Amino acid sequence: MRFFRNLFFIFACLLSVHEMQGQDFYPSQRDWEKTRIQYKRIRWSYITDQNFEVYFYGKQEALARATIQYLDSELLRISRILGYTPYQKAKIFLYASSADLAESNSGISFQDFKKAQEENQDKFKIEIAFKSDLEDLHIRLVEELARVYVHDILFGGSIKDALQSSLLLNVPEWFTAGIVAYVARGDSPEMNQYMYQVVAANKVRKPVLARGIEAELIGQSIWSYIAKTYGLQPIGNILNLTRIIRNDQSSISSTLRTPISRFLKEWFNFYLSESKQFEVNSNAFSGAENLITRDRMSGEQLEEFQISPDGKWMAYTLEDAGQYRVMIQNLQSKKRFYLFQTGLKDPLRASIGQAPRMHWSAKNSFAILYAKDGKSWLNQYAPITGMSAKLLAKTDLKDWNFTDFEMHESGQRMLVRALRNGQIDVGIYDFRRNRFTPITQNSWDELEAHWFNKQGDIIYLTDQYVDSTQKVVKSKGLSVVMHWRADDPSNPRVLLAHSGRIHSLQVKSDSLIYFLHKQPSGEELVSLDLSQGKLMQNRVRSGTWSSFHWSGDKLYFQDHALLDERIQRISAQTILDLPAYQWYPIGVDSSSNSILDILAEPKRDSLDAREKAKRSRLDRQTLLRTRKETAKLAGPFVYHNSFVVNGSEGNFRIDPIRGIGYAFDVKMNDLMENHLIKTGVFLNANFKNSDLWGEYAYLPNKVDWVFRVDRKVFGQETDVFLNKIRYNRASLTGIYPINLASKLSFSGMFTSNRSFDQVNLSVPENLATYAGSSLSYTLDNTLHWEENLPIGTRILATVEHQQALLTSRSFSRIRLDLRKYVRLTNSFLLAGRISASHSFGLAARQTMLGGMDNWVFIDREVRNKENPLGVSGPADRDVFMSDFATSLRGFKMNKLAGNSHLLVNLELRLPVKHLISLESNKSNFMNSLQLIGFTDIGSAWTGANPFSRTNGFNTNVIGGGTNPFQATVTDFRNPFLFGFGVGARANLFGYFVKVDYAYGMETNEIKSPVTYVTLGHDF
């Protein structure tokens, strides 16, 4: 009964604070193993040339070939900007969808995204998924490639150079993020519009203080300004000089021969002048009503929005680090409700997912297309009339990779864009027949597709154009609006061709189409009147718009103001009343290079036999040229696993039993990290205490398997005895992932503990063997904010049983550790932890409470009673199966011990660089410096819990035995120990060093302060 009371007490304590869920268990600094879910087995192949290796799977060879050809075409431009020629091939792993990429084990052995990203950059490895269209894929490809090259310029080279650069070179965030964005996007409208707003409002933050998207946009504008004013050559010179002198500001000043203060002033004035010019060329409007706003620096981001046909409801998607929520808002009452959620916050990587697609159809019916469990799904809801929605059907679309869709008003068909056989095709999917009917079947990029009229016609946006000589025109940034007619499906006609980027087609009527035209200064709103054959541009200030929708007499648009993303609405008449002028598309006809006439494309059915023969001949010639170009490539070849050393690390480690030593770990894996091999050694200063361990993880399937072997040696030598303990364990663990953040683990193990006297050989050795098993549940949804500053929740709950094989001294153990990390403001993080355990059985193991993990000057409490460490004699044979509960600051290690323990930690962490303005961003110490205030409360006991009226602390039995008198004396000592104080943490000489100054309080008595110097992260 006592056991059940203790068990109930522990669980009651934990359940009462269920929101303080947490992290690793014993020790408190244990690394967290990540988990991914594989729904299918991917078999890789690759094609290669002298610059790249592109890996693909399934039927994506065409996409892989198009990718490597695009990268080769961009390599010269990237090299010119960066002044850099790569010395090794980049390896690009190309996934057909974001869902497939989410299954990848790449980076799984690292504790945060930044370290995994740096490792991939060192190995010139890129993983990327096709999301919506080729243009988006190409931009992200160049971005990732530029990131790899910039990393190599600044931190690559020999091992010696890389080590020096990583320790001594610390460039500000704008510097690297900005150059990567400039190489990928150039003089983008988003960047220009942001700069126009901040300079006009005089809210430009100093570049070295900018973070996140703000740093990227400011950095992109600086590099763009340098390219426009000084040319491209200084960019490469600045990068290479920064690597040499390790100072970005001096590099800019020396290269441009301009003081940095003057340079920044000229940069500001340049964009101020540009913003004034933009104001002159566009007309402002007023009266816009704000519907929803999200700060782009905060967690949730606005993805897309859709307006219902009757204009009464709005659906929008919020994204939070890979987790997506679809919200429905009543546009009259402004009330909203949550409808649907998919995805998970990836605790290791940045968001790689794709937002669910949405569409309103007739009578306010609503549909959501999304990916889950390795499949595509379509949810269809009943017409929305109130603050809820009924799910009518959930359709399994199998492995169809639909990137966009629109439901037909009948509800039986949907217009889709699908990635098939390595290319994007527009088609119609029929639910009744479960059949896909393609409309386009070519390698061109179809960017958008929309239902056009009640006859079932379709308009779609592509980059394919056939000129008047029947020659296929290839032009970067080509936009062609095509009209596909249901009554003549084989002869689509050109409505508009433009050698520039247009997007967000909106069908206002059968004869009126609106769209956005992308300019470096921002977006232009253009209308196409098919009845009159006119293009008109509204001089509305739409530069910040990313998308828009017409609904009745209202116009809804998504734009950004500074770092806020907004959805607003305005009377359509307000926009239509603004001045408009005729807009002329830029010609793409290769023969005349003249402006194309609207609706002047000749129909293909009017071509005679001679023209058709000529076109066939040209098509064959084009195909031969393509084959000739691709002949330069080698492959495809089947990818075979090749193991690489993916990191070796040596660190000083302080073992709570054997003291300080040096640990060295080596990690090997294949490129996809489906097979992980880890091994390590720990050696004490006297060379008599050591650890040796090895681990192999097999991860390509949904259930992961880990086999591990451990050997520990503890040599004890005093004037009285010379003893050695040897601990050996072999374990096999199966890991079943519930989702990306949580998993179940089941382990079977065999343990051998051997203790023997090294002097008196007549003393028999003390041997114990155990056959054990354990079941663990792990939750880790934390995201990386800054070093030692995670955000989110962690839980580890374990049930373990060890069955003694040679004796009857078996035992069982329950452990729980719950942690919660809450970002209070941009400068404060509150970290809380509750840990508890209970051991029972004939040989119940003790938990030793007090001190901190990795305490450099470790000090243990001398206790003769219930002390597994051994003070007057050798340590207990099973000492390596005991637990240590930390951190309890203000006390020594092993201050209390017992079969049960309860410990609470609270820390307020303050990163200094967020509290003060660091004009110089060069010091790794200052960038990582954190100040904390903490409180620790804990107790360890055997028997009755410390809340009982009589417990092991306040109850003592005097007399008994040979003494005829016996008395039970109860005092009123506080069974809990309290610690409080302040501390600091920072990177120092490659180690994360923590210094804490703590006071301990025992039974209302404050003890002398204790200073702790520890190594490692978290508590």
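Everything numeric here is computed off the predicted structure, so don't read it as measured data.

> Give me the overall build of the protein chain: which residues, what numbers.
Within the protein chain, the regular secondary structure consists of 16 helices and 55 strands. Here the protein chain, with 1019 residues, has 53% of them falling under the buried criterion. Considering only contacts within the protein chain whose residues lie at least 6 apart along the sequence, 61% involve residues at least 24 apart. Summed over all atoms, the accessible surface of the protein chain reaches about 44800 Å², with 53% contributed by carbon and sulfur.

> Lay out the environment of I235 in plain terms, naming residues and giving numbers.
One can find I235 in helix α10 (residues 233-245). On the basis of relative accessibility, which here comes to 0%, the residue I235 falls in the buried class. Along the chain, I235 and W223 lie 12 residues apart, while their C-alpha atoms are 7.4 Å from each other. Not counting chain neighbours up to four residues away, the residues in contact with I235 comprise I81, I179, Y182, W223, I226 and A227.

> Which residues make up the sheet that holds strand β26 (residues 522-529), and what values go with them?
If you walk across this open sheet you meet the five strands as β24-β25-β26-β27-β31, and the pairing is antiparallel. The open sheet is flanked by β24 (502-509) and β31 (580-582), the only strands paired with a single partner. Strand after strand, the sheet turns through a mean of 30° between neighbouring axes, direction not considered. Strand direction decides the pairing type here: β26 and strand β27 (residues 534-538), joined by five bridges, are antiparallel. Bridge assignment links D529 to a residue of β27, and that residue is K534.

> Describe the sheet that holds strand β22 (residues 479-485), with residues and values.
Pairing is antiparallel in the open sheet, where four strands are placed in the order β18-β19-β22-β23. Edge positions in the open sheet fall to β18 (446-451) and β23 (488-498), since each of these has one partner strand only. On average, adjacent strands in this sheet sit at an angle of 20° to one another, irrespective of strand direction. Of the pairings in the sheet, the one linking β18 to strand β19 (residues 458-462) comprises five bridges and is antiparallel in character.

> Help me get a handle on the nonpolar core, residues and values and all.
Ranked by size, the top nonpolar core spans 83 residues in total, and within it F52, L82, I92, Y149, I179, W223 and I235 carry the most contacts. Considering each element in turn, this core owes the most residues, 12 residues, to helix α5 (residues 134-155). If you look at the next biggest cluster of nonpolar residues, it comprises 23 residues, including F811, F884, M893 and F934.

> Can you lay out the packing of α5 against helix α7 (residues 173-185) for me, pointing to particular residues and giving the numbers?
Taken N-terminus to C-terminus, the directions of α5 and α7 make an angle of 140°; their axes are 8 Å apart at the nearest point. Considered as vectors, α5 and α7 are oriented oblique to each other. When you trace α5 past α7, the crossing you get is right-handed. From α5, I139, V142, E143, A146, R147, V150 and L154 reach across to α7, where they touch F175, T176, I179, V180, V183, A184 and R185.

> Could you give an account of the confidence of the model for the protein chain, naming the residues involved and the relevant values?
The pLDDT averaged across the protein chain works out to 83; a share of 85% of its residues lies at or above 70. Low pLDDT (under 50) marks residues 622-631, which in the prediction has two contacts with non-local residues, meaning those over four places away or in another chain.

> Can you explain the pattern of salt bridges? Please cite residues and give values.
Within the structure shown, the criterion is met by 52 salt bridges. For D187, the salt bridge identified is with K228, shortest N-O distance 2.8 Å. Here K228 lies in helix α9 (residues 212-230) and D187 lies in the loop between α7 and α8 (189-200), a separation of 41 residues in the sequence. Classification of D187 as partly exposed rests on a relative accessible area of 25%. Relative accessible area serves as the criterion here: at 41%, K228 is assigned to the partly exposed category. In the salt-bridge network here, residues are joined through shared partners; they are D780, R794, D817, R819, R833, R889, E907, R909, D936, R985, D996 and D1018.

> An account of the side chain of S221 is requested, with residue identities and associated values reported.
By secondary structure assignment, the location of S221 is in helix α9. In this structure the side chain of S221 is engaged in a polar contact, spanning 3.2 Å, whose partner is the side chain of W267. Apart from residues lying up to four places away in sequence, S221 is in contact with M191, M195, W267 and Y271.

> Pulling in residues and values, what's your account of the pairing of strand β15 (residues 413-420)?
When you tally the buried positions in β15, you get six out of eight residues, the bulk of the element. Pairing of strand β14 (residues 402-407) with β15, which is carried by five bridges, proceeds in the antiparallel orientation. When the bridges of β15 are listed, F405 appears paired with V416. Here β14 hands over to β15 after five residues, with G411 in that stretch at a positive phi of 80°. With eight bridges connecting them, β15 and strand β16 (residues 423-430) associate as antiparallel partners. Along β16, the bridge assignment pairs A418 with D425. Where β15 folds back on β16, the antiparallel hairpin that results is connected by two residues, among which N421 adopts a positive phi of roughly 50°.

> Break down unusual backbone geometry for me, with residues and values.
Here the amide bond leading from T886 into S887 is cis, since omega sits at 10°, within 30 degrees of zero. With respect to the secondary-structure elements, S887 resides in the loop between β46 (883-885) and β47 (896-898). At F124, a position not held by glycine, the phi torsion is positive, near 55°. Examined against the element boundaries, F124 turns out to sit in the loop between α4 (113-122) and β4 (125-129). Its identity is not glycine, yet D1018 carries a phi of approximately 60°, on the positive side. Judged by relative accessible area, which is 6%, D1018 ranks as buried.

> A description of α4 should follow, citing residues and the corresponding values.
Among all positions in α4, only A116, E119, N120 and Q121 are buried. Looking one or two residues past α4, F124 carries a phi angle of roughly 55°, positive in sign.

What counts and how
- Residues numbered from 1 in each chain as written.
- Predicted model: local features only at pLDDT ≥ 70, side-chain atom pairs only at ≥ 80, totals over all residues.
- Heavy atoms only, no water.
- Helix = DSSP H or I, 4+ residues; strand = E, 2+ residues; numbered from the N terminus.
- Buried < 20%, exposed > 50% of the residue type's maximum accessible area, 1.4 Å probe, protein only.
- Contact = heavy atoms within 4.5 Å.
- Areas by Shrake-Rupley, 256 points an atom, 1.4 Å probe, with all protein chains shown as cover.
- Pairing = 2+ DSSP bridges.
- Axes fitted to C-alpha atoms, helices over the stretch in contact; angles between N-to-C directions.
- Core = buried A, V, L, I, M, F, W, Y, C linked by side-chain atoms within 4.5 Å.
- Parallel < 35°, antiparallel > 145°, perpendicular 65-115°, else oblique.
- Left-handed = near helix turned anticlockwise from the far one by under 90°.
- pLDDT = per-residue confidence, 0-100.
- Salt bridge = Lys/Arg side-chain N within 4 Å of Asp/Glu carboxyl O.
- Polar contact = N/O pair within 3.5 Å; in protein donor to acceptor, adjacent residues only side chain to side chain.

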